[in-house]
Amino acid sequence: MAPEPRVLAGRVLNQQVRHLSSLLSAASDLAEAPHTSTPAADDLDHVNSHPHKPNLLGLRWWAHRSAVLNLSSAEEHQRGLRLIVTGEELLPLPAMALARSIYEAVINTCWLIDGDVTTEQRLARWAGRLLHDGQEPPNALDSFGDADASTREKERVVEGRGLGQQL
């Protein structure tokens, strides 16, 4: 007898998360020491030979951080999706919204590290992502008023945005 669809869905999602966790761990390790003749190695060579190496290393760090945050977000949304599809009640709209969030995080990551574009294009994407990440937080933090924590955080975010523009 075949398992119920919700049981099967839970098993498939659990298996995918295990495989994805292994893949992400290996990918993160490769970011630190990329194999020769790969786009990541080309990027690192370009950064290391560039006159503005410290700035580009910072930009590379930010891109790596962004990819990790994207995929962490995807993993959290996947946990929510797993809870919905294994639950007693069929909830297709929340499931589709969570699936869309997962796809969006993965697509953004693929765009950020796309091996089919030039190193210069990847660097431009990294810079674009860094600038994008710093745009909204100061405005959102204004809604918290003059609380010490929000004021300090806003200063930190504005400083980070300035650094991003410099990089």
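The shown structure was predicted, so the numbers you read here are calculated from the model rather than taken from an experiment.

A. Structural view of the overall build of the protein chain. On a plain count of helices and strands, the protein chain comes out with seven helices and zero strands. In sequence order, the protein chain lays out its α and β elements as α-α-α-α-α-α-α. In terms of C-alpha radius of gyration, the protein chain reaches 20 Å, well past the compact-globule figure of 15 Å for 167 residues. Partitioning the contacts of the protein chain with sequence separation of at least 6, the portion at a separation of at least 24 is 61%.

B. Structural detail: the environment of Ser66. Topologically, Ser66 is positioned in helix 3 (residues 53-85). When its relative accessible area of 1% is taken as the criterion, Ser66 is described as buried. The spacing of Ser66 and Asp114 is 48 residues in sequence and 14 Å in space, taken between C-alpha atoms.

C. Inspection of the packing of helix 2 (residues 39-49) against helix 5 (residues 119-133) at higher detail. One can describe the packing of helix 2 onto helix 5 by two numbers: an axis separation of 10 Å at closest approach and a directional angle of 80°. Judged by the angle between their axes, helix 2 and helix 5 are roughly perpendicular. Mapping the contact onto sequence places Pro39, Asp42, Asp43, His46 and Val47 in helix 2 and Thr119, Glu120, Arg122, Leu123 and Trp126 in helix 5. Along the lines of polarity and charge, the residues of the contact of helix 2 with helix 5 split into four nonpolar, two polar and four charged.

D. Focus on the confidence of the model for the protein chain. For the protein chain, per-residue confidence averages 84 on the pLDDT scale, and residues scoring 70 or more make up 91% of the total. Of all the helices and strands in the protein chain, helix 6 (residues 137-142) carries the lowest mean pLDDT, 66, while helix 2 carries the highest, 93.

Conventions and cut-offs
- Residues numbered from 1 in each chain as written.
- Predicted model: local features only at pLDDT ≥ 70, side-chain atom pairs only at ≥ 80, totals over all residues.
- Heavy atoms only, no water.
- Helix = DSSP H or I, 4+ residues; strand = E, 2+ residues; numbered from the N terminus.
- Rg over C-alpha atoms; globule rule 2.2 N^0.38 Å.
- Contact = heavy atoms within 4.5 Å.
- Buried < 20%, exposed > 50% of the residue type's maximum accessible area, 1.4 Å probe, protein only.
- Axes fitted to C-alpha atoms, helices over the stretch in contact; angles between N-to-C directions.
- Parallel < 35°, antiparallel > 145°, perpendicular 65-115°, else oblique.
- Nonpolar A, V, L, I, M, F, W, Y, C, P; charged D, E, K, R; others polar.
- pLDDT = per-residue confidence, 0-100.

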